[in-house]
Amino acid sequence: MRRSEGHGWLDESGMAQIDTILPLALLRDRATTDLILSGLDASGVAFALFSPEDELTYGSSAFRLLFDVQPGALTFTDIMHNCHDKCVGPKIGTPVEAFIDMACRKRRSSPQRTFEIDISDGRWFLANETLLPGGWLWHVFTDITMLKSNERVLQLARDAAQRAADMDPLTGLFNRRASTERLEAAMQAAQSDGIPLALVLIDLDNFKSINDRFGHANGDRVLKHFAAAGRQELRGVDIFARIGGEEFLVLMPATDMRQATDAIERLRGHMARAENCADICCAYTMSAGIAEFRGTAAEDLFERADRALYRAKHLGRDRIVCAE
């Protein structure tokens, strides 16, 4: 008897036994590998193995279906060209060569990489990419469509909650808190970009008498009517807010005093035309004070516009006064 390293004690026919044992071990290993791959394939998981040359060495049925892998498609580039031509697989918004170039730069860029893929049929997949020794690349793709759907629902709910927190419920305009936040942001932008910014404060004239004469329900209709008129006459970039009972604010980015005065005068003129008030209980007017941002604090800008508004009302209402 003699000993063979790694194979125990062998008799005189040891070499013959090695010739028998090794093929059987290889067959068992191959059978185990085939069983593992068969089980993974049956699980419906999309996975693939790419060689160091980026050739597809193995792809599960789910992977081949997901990316419509065609016979003869040897490389990642081949697969992506087919996906682009047939509008399957990942959404490719850029020219296909630019997309492939970008993807190839990222492949093998780190030992482990995870990213989301937006599929052309509306599904979402989470891709996990593992760099193996020798440059081999292992991919596993997990369907996260339901998670993304829930994520969108949650985002919509968050957006709705944010809108509710920002909006005046009667007029649908921004409320005082939201307008104050936007005022701070607009002032920072005007300061850094060197562009003008105008703040307008508006009061509806004698509004208490409207409530007293026609009732609060009709008073609410007047407020909503004015909000609608402002949306019609003002620009989309202007911030229009209700900051009190009959008090409104207009924040006008990239607008100097003259431009702001012209815009608010158009709104005042709109309110003065009787035909524009035909669907509410009464005609009404507005007074406004306008101040231009001078690089000082928000309190200073607001105070100057408020003083101008006070002068407009003191001078007889239904007019616009610019702050000095």
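What this report covers is the structure whose coordinates are included nearby.

Procedures and definitions
- Residues numbered from 1 in each chain as written.
- Predicted model: local features only at pLDDT ≥ 70, side-chain atom pairs only at ≥ 80, totals over all residues.
- Heavy atoms only, no water.
- Helix = DSSP H or I, 4+ residues; strand = E, 2+ residues; numbered from the N terminus.
- Polar contact = N/O pair within 3.5 Å; in protein donor to acceptor, adjacent residues only side chain to side chain.
- Axes fitted to C-alpha atoms, helices over the stretch in contact; angles between N-to-C directions.
- Parallel < 35°, antiparallel > 145°, perpendicular 65-115°, else oblique.
- Left-handed = near helix turned anticlockwise from the far one by under 90°.
- Contact = heavy atoms within 4.5 Å.
- Pairing = 2+ DSSP bridges.
- Buried < 20%, exposed > 50% of the residue type's maximum accessible area, 1.4 Å probe, protein only.
- Arc of directions from axis to C-beta.

Considering the environment of Asp 121
Argument step 1. Turning to its location among the elements, Asp 121 is positioned in the loop between strand E5 (112-118) and strand E6 (124-131).
Argument step 2. Taking the C-alpha atoms as reference points, Asp 121 and Gln 155, 34 residues apart in sequence, are found 22 Å from one another.
Argument step 3. A distance of 2.9 Å separates polar atoms of two side chains, one belonging to Asp 121 and the other to Arg 123.

Some thoughts on the packing of helix H8 (residues 216-233) against helix H9 (residues 257-272)
Argument step 1. For the pair H8 and H9, interaxial distance at closest approach is 10 Å and the crossing angle is 135 degrees. In terms of axis orientation, H8 runs oblique to H9. In terms of crossing hand, the pair formed by H8 and H9 is right-handed. Listed contacts from H9 to His 225, Phe 226, Ala 229, Gly 230, Gln 232 and Glu 233 of H8 are Arg 266, Leu 267, His 270 and Met 271.

Observations regarding the sheet that holds strand E11 (residues 286-292)
Argument step 1. If you trace the five strands from one edge of the open sheet to the other, you get E9-E10-E8-E11-E12, paired in mixed fashion. Each edge of the open sheet is held by one strand with a lone partner, namely strand E9 (239-242) and strand E12 (320-322). Ignoring which end each strand starts from, the neighbouring axes of this sheet average 15 degrees apart.
Argument step 2. Sheet topology note: the strand E8 (residues 197-204)/E11 ladder contains seven bridges and is antiparallel. For Ile 202, the partnering residue across the bridge sits in E11 and is Ala 288.
Argument step 3. Along the sheet face, helix H10 (residues 298-314) touches E8, strand E10 (247-253), E11 and E12 and points at about 145 degrees away from the line of E11.

Points about helix H4 (residues 96-106)
Argument step 1. Listed as buried for H4 are Val 96, Phe 99, Ile 100 and Ala 103. Projected down its long axis, H4 carries its buried residues within an arc of 95 degrees, all on one side.
Argument step 2. Looking one or two residues beyond H4, the residue adopting positive phi is Arg 108, at roughly 65 degrees.

Quick notes on unusual backbone geometry
In most cases, non-glycine residues show a negative phi, while peptide bonds are predominantly trans.
Argument step 1. Residue Asp 54 is not a glycine yet carries a positive backbone phi of 65 degrees.
Argument step 2. By the element assignment, Asp 54 lies in the loop between strand E3 (46-50) and strand E4 (56-59).
Argument step 3. Despite not being glycine, Asp 318 has its phi angle at roughly 55 degrees, a positive value.
Argument step 4. You can see Asp 318 is positioned in the loop between H10 and E12.
Argument step 5. Relative accessible area serves as the criterion here: at 30%, Asp 318 is assigned to the partly exposed category.

Read these as geometric descriptors, not functional statements.
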